[in-house]
Amino acid sequence: MDVLIHAFVALHIIGIASLLGGFLTQMKAMGAGTARFVPAMLHGALTMLVTGIALVGMREADGGHVNNIKIGVKLLILVVILALVYIKRDEEKVDKGAFAAVGGLTLANIFIATLWV
């Protein structure tokens, strides 16, 4: 079970890297007002959602303790990110505020995952 959990953690990290990487590659375009949500951002967020749910399920099935409040906060943030990216995915230019919100919420999710004990 540990190998499976570690594999899903790796996939979860790949998802966050895709979401954050897509944001970072558009930073220069955000300054010019031409930033857009790239498909990698949507796919990364969806990967995070699926693997995160699987990780919680596997942790509980393995008898481990899950901080439900932390997971709930992370899930809420991810749902907001997914909503923003999904709704505006086909637009040629995304508002700077919405684009910055996705980047900020992504960073918030990373810090919650690593610093909230």
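Residues numbered from 1 in each chain as written. Predicted model: local features only at pLDDT ≥ 70, side-chain atom pairs only at ≥ 80, totals over all residues. Heavy atoms only, no water.

Colleague: Describe the confidence of the model for the chain, with residues and values.
Modeller: On average, residues of the chain score 97 in pLDDT, and 100% of them are at 70 or above. Here helix α2 (residues 27-32) is the element of the chain with the lowest mean pLDDT, 94, and helix α4 (residues 68-87) is the one with the highest, 98. (pLDDT = per-residue confidence, 0-100. Helix = DSSP H or I, 4+ residues; strand = E, 2+ residues; numbered from the N terminus.)

Colleague: Hey, could you go over the nonpolar core for me, with residue numbers and the actual values?
Modeller: L19, F37, M41, I81, V85, F99 and V102 are the most contacted members of the largest nonpolar core, which totals 23 residues. Secondary-structure elements contributing two or more residues to this core are α1 (2-25), α2, α3 (39-61), α4 and α5 (96-115). Leaving out residues up to four positions away in the same chain, F37 has contacts with L84, V85, K88, R89, V94, A98, F99 and V102. (Core = buried A, V, L, I, M, F, W, Y, C linked by side-chain atoms within 4.5 Å. Buried < 20%, exposed > 50% of the residue type's maximum accessible area, 1.4 Å probe, protein only. Contact = heavy atoms within 4.5 Å.)

Colleague: Report on the packing of α4 against α5, specifying residues and quantitative values.
Modeller: Contact geometry of α4 with α5 gives a least axis separation of 10 Å together with a crossing angle of 160°. It follows from the interaxial angle that α4 and α5 lie roughly antiparallel. Here α4 runs over α5; the crossing is left-handed. On α5, the residues that touch K70, V73, K74, I77, L78, V80, I81, L84 and V85 of α4 are A98, A101, V102, L105, T106, N109, I112 and A113. A per-class count over the contact of α4 with α5 returns 13 nonpolar, two polar and two charged. (Axes fitted to C-alpha atoms, helices over the stretch in contact; angles between N-to-C directions. Parallel < 35°, antiparallel > 145°, perpendicular 65-115°, else oblique. Left-handed = near helix turned anticlockwise from the far one by under 90°. Nonpolar A, V, L, I, M, F, W, Y, C, P; charged D, E, K, R; others polar.)

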